[in-house]
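Here is what each chain is made of, one letter per residue.
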Amino acid sequence: MEMNAEAKRILAVSISKLYASRSQRGGLRLHRSLLVSLVMKSARDIYHSTVALVEKAVETTASTEEAMEAMDTAEKLPEKQPEITDNTEDKENQRPVAKRPRKRPGKVSAVPDFLPEKRARLEPGEERHDTAQSPSVCRSSVVTETRSALPLLSRVIPAF
Amino acid sequence: MILVRDKQCHTLPNDVPFSAGVASGNDFQWCFSQVKGAIDEDVAEADIISTVEFNYSGELLATGDKGGRVVIFQHEQESKNRPHLRGEYNVYSTFQSHEPEFDYLKSLEIEEKINKIRWLPQQNAAHFLLSTNDKTIKLWKISERDKRAEGYNLKDEDGRLRDPFRITALRVPVLMPMDLMVEASPRRIFANAHTYHINSISVNSDHETYLSADDLRINLWHLEITDRSFNIVDIKPANMEELTEVITAAECHPHQCNVFVYSSSKGTIRLCDMRAAALCDRHSKFFEEPEDPSSRSFFSEIISSISDVKFSHSGRYMMTRDYLSVKVWDLNMENRPVETYQVHEYLRSKLCSLYENDCIFDKFECCWNGSDSAIMTGSYNNFFRMFDRNTRRDITLEASRESSKPRATLKPRKVSTGGKRKKDEISVDSLDFNKKILHTAWHPKDNVIAVAATNNLYIFQDKIN
């Protein structure tokens, strides 16, 4: 929750900065606007990925059966390894593919909007732990199609 | 108007050296020499110094301010009465370089703030410099006049035309001595070539051309031609929504007139060779250090943006300044810098507040000493940092009025970086972020430095014991 709040606050600060820069003497500074927009993008990505992670966590804890299934998959994986070619890149690529059929299609990726009741059920400590451990992973797993929710975020406002 | 106030150096009786300075591999202390500018606490925006630059000999020192003025200081030779002094810098010429303008087509005001000053190598008795604001570059001639012509045939001494009927004989005008006058006259005005804000100008080593860079383009000019320039770099995407980086600084190589570099907001530097093609959109070398994924934050892009790039005098190295560090690159090694110095690493945990108060957008510049053995850059709380490249030692000094006693040795300062704060250390929380040193200059031959602290210009020199 803390990470979410931080990202939200940075988003708000960034929007106010972009707004203020329009009335700046000497015209809008492209360099500054670009940097602000990049911060906004980071904040947006982290905000969305945090929420997505939380939802994933809720989903896994909600169904014990599913959790057990996931553990089974993890145990079986090393056995499968010899079958996979030596190329490590392939191994990495194949893992999620092998996992996918065993898992129920995730609601997180299917549903574009987040469910508020699920977020409310989360414990703040758990969420912070998740995001702090792998911020870069969070960034890469972001759904970029959510741009419509915050149309300004990744765009630099051209000076002219 | 900048008020000028000098403080003269006098020998202190019990002046014991206590700490090593950083430069040229030799230990010495930096001592206060002069401070210029108004003493008032209330600083007028127009008086804030926006650029500082020594000329090639170090005899002249130019400053530009947010009010569009250029002040030139001249080094005066040491007097016999005060042999411990190597002379002082006194005002030589002051002129209004740029005025505020209004772009009616874009409905935008163009600020008069001087973004950069670059001296031209001296060719004759006069001095020439380029000054630029966001849009227009001007070539100024600064020359002395100590004689004036008298005895014209058609006009009298006041310049009024004489009655032709009263002219009965022809005479040859003569040059009469007069009080020394320093004139600054605009010789060329290079306008209308930049759509975005000019961040750099750099005179080429051929002494005939120079380049000017804005956020998206770099233009090459001939110093004599104002109505034409060549666009050598253009990184503007067809669709501005796809913009991911901007040009932040550019500089010509000090010896090879075909080579220049430009830095970007992504923390990369591109070296271009003008012999390869007329358009240098494709670089010859690309300098980039891989990002440490563990240090990623919301502000990674901002703090990796390069605010200044400077070639060493030798031309072998270049130095880049980003928000938290300064890096030295060998032109022969593109994958990582050969030296990295942390300027104020303790601010890494404060980036969020620095973003909120806009300090994170401050553009710190950096400079080399004359022998390329030491580098200098600014920080907050009127602190500036020096790094000795040979010994890898660093020092933090402060430009403050408290320590501006005549010939006072500058005491090294320390910022406590967590844990228990020792005596004489300053905690990060008590740093004044309104007092920042963005612009510094190092004399090309001597250990004399000029440090711009808001509206004051401090001059320090090494202490001769």
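Bear in mind that the values here come from a model prediction, so they are computed numbers and not experimental data. Every chain begins its residue count from 1, and numbering advances along the sequence as written. Each chain gets a letter, beginning with A, and each ligand a number, beginning with 1, in the order they are written. Only residues with pLDDT of at least 70 are given local features in this predicted model, and only at 80 or more are side-chain atom pairs given and counted; all residues enter the totals for whole chains, interfaces and linings. With hydrogens and water set aside, each side-chain value is computed from the structure's full complement of heavy atoms.

This part covers the pattern of salt bridges. In the sections that follow, a salt bridge refers to a side-chain nitrogen of Lys or Arg positioned within 4 Å of a carboxyl oxygen of Asp or Glu. Applying the stated criterion across every chain, the model contains 38 salt bridges over all chains. Where B:Glu111 meets A:Arg29, a salt bridge forms, and the shortest distance between an N and an O atom there is 3.0 Å. In this pair, B:Glu111 is assigned in the loop between strand 7 (108-110) and strand 8 (116-119) and A:Arg29 in the loop between helix 1 (2-21) and helix 2 (30-62), connecting two distinct chains. For B:Glu111, a relative accessible area of 17% corresponds to the buried category. Between B:Arg389 and B:Glu339 there is a salt bridge whose closest N-O contact spans 2.9 Å. Of this pair, B:Arg389 sits in the loop between strand 26 (383-388) and strand 27 (394-398) while B:Glu339 sits in strand 23 (residues 339-342), placing them 50 residues apart in sequence. Residues participating in the shared-partner salt-bridge network are A:Arg25, A:Arg29, B:Glu109, B:Glu111, B:Glu112 and B:Asp134. Secondary structure elements follow DSSP: runs of H or I of four or more residues count as helices, runs of E of two or more count as strands, with numbering from the N terminus. Per-residue accessibility, obtained with a 1.4 Å probe over protein chains only, is compared with the maximum for each type, and a residue is labelled buried under 20%, exposed over 50%, and partly exposed between these values.

With that out of the way, let us pick up the confidence of the model for chain B. Residue and element names in this part refer to chain B. Confidence scores per residue from the predictor, reported as pLDDT, run from 0 to 100. When the pLDDT values of chain B are averaged, the result is 90; 92% of them are 70 or greater. Confidence over residues 1-20 falls short of pLDDT 50; this stretch has 65 contacts with residues more than four positions distant or in other chains. Predicted complex metrics record ipTM = 0.86 and pTM = 0.78. Here, two residues are considered to be in contact whenever any of their heavy atoms come within 4.5 Å of each other.

Right, let's talk about the sheet that holds strand 4 (residues 69-76) of chain B for a bit. Residue and element names in this part refer to chain B. Note on pairing: DSSP must find at least two bridges between two strands before they are called paired. Within the open sheet, the 4 strands sit side by side as 2-3-4-5. Their pairing is antiparallel. Bordering the open sheet on either side are strand 2 (49-54) and strand 5 (88-96), each of which pairs with just one other strand. Pairwise comparison of adjacent strand axes, ignoring direction, gives a mean angle of 20° for this sheet. Two strands pair when backbone bridges link them, and strand 3 (residues 60-65) and strand 4 are joined in this way by 5 bridges, in the antiparallel orientation. Within strand 4, the residue paired with Thr63 across the bridge is Val71. A fitted line through C-alpha atoms serves as each axis, taken over the contacting stretch for helices, and the angle formed by two N-to-C directions is quoted from 0 to 180°.

Residues and elements named next belong to chain B. Put simply, a disulfide is two cysteine sulfurs that come within 2.5 Å. The full count for this structure, using the stated rule, is 0 disulfides over all chains. Cys366 carries a free sulfur, and the closest cysteine sulfur to it, the one in Cys367, is 7.4 Å from it. Judged by its relative accessible area of 0%, Cys366 is buried.

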